[in-house]
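Descriptive structure summary
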Amino acid sequence: QVQLVESGGGLVQPGGSLRLSCAASGTFFSIYSMGWYRQAPGKERELVATLTNSGSTTYADSVKGRFTISRENAKNTVYLQMNSLKPEDTAVYYCNFYARTRATQFSAINIWGKGTLVTVSS
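Residues numbered from 1 in each chain as written. Predicted model: local features only at pLDDT ≥ 70, side-chain atom pairs only at ≥ 80, totals over all residues. Heavy atoms only, no water.

1. Some points on the pairing of strand E11 (residues 116-120)
Residues Thr116, Val118 and Val120 of E11 are buried on one face, while the alternating residues Leu117 and Thr119, pointing to the opposite face, are not. By the bridge criterion, three bridges tie strand E2 (residues 10-12) to E11 in an arrangement that is parallel. Within the sheet, the bridge partner assigned to Val12 lies in E11 and is Val120. Strand direction decides the pairing type here: strand E9 (residues 91-101) and E11, joined by three bridges, are antiparallel. Looking at the pairing, Tyr93 lines up with Thr116 of E11. (Buried < 20%, exposed > 50% of the residue type's maximum accessible area, 1.4 Å probe, protein only. Helix = DSSP H or I, 4+ residues; strand = E, 2+ residues; numbered from the N terminus. Pairing = 2+ DSSP bridges.)

As C-alpha cells, this is what we get:
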C-alpha cells in the first residue's frame, strides 16, 4: 500500500552532479521525517541526510556543503541534490520515511525504497 521509489542514480564523473528523487505512494497519516541513506560495497549503511517534519535538515559531515535534501509536500517526494561528487560517494542510496500509514495508524514505521545505485568514477 505504501511504497517509495527512488530514481536518478547512475554513473557520473568526479566533480559531477546528480539529483536523486524519491516518490512516495499510498496514504500517510503522519510523516515524521524523510531521509537518504547509503551503503557502499563492503561498508555499513550510513546516514546521508534527513529532513524532519518541521523542516530542519541534518547532513553527514562527509556530504555537508555538497548535498542538499529537499521535498515537495504535495507529492510526498524527497530529493537529494548531489554536487561535487567524489568516488567515495559511490554507493546504493536508499530513501527512508519514518511515518504512520493507513496500515499502521497507531505505530510509526520506517519505510524503505529499493535503492538506486550511484557510481562516481572516471
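2. Regarding the pattern of salt bridges
Taken as a whole and judged by the stated rule, the model has four salt bridges. Arg38 is the partner of Glu46 in a salt bridge, and the nearest nitrogen-oxygen pair spans 2.6 Å. Of the residues examined, Glu46 reaches a relative accessible area of 33% and is grouped as partly exposed. Residue classification places Arg38 among the buried positions, given a relative accessible area of 5%. The salt bridge involving Asp89 is made with Arg38; its shortest N-O contact spans 2.9 Å. Here the residue Asp89 occupies a position in the loop between strand E8 (77-82) and E9, and Arg38 occupies one in strand E4 (residues 28-39), the gap between them amounting to 51 residues. Classification of Asp89 by relative accessible area gives buried; the value is 1%. (Salt bridge = Lys/Arg side-chain N within 4 Å of Asp/Glu carboxyl O.)

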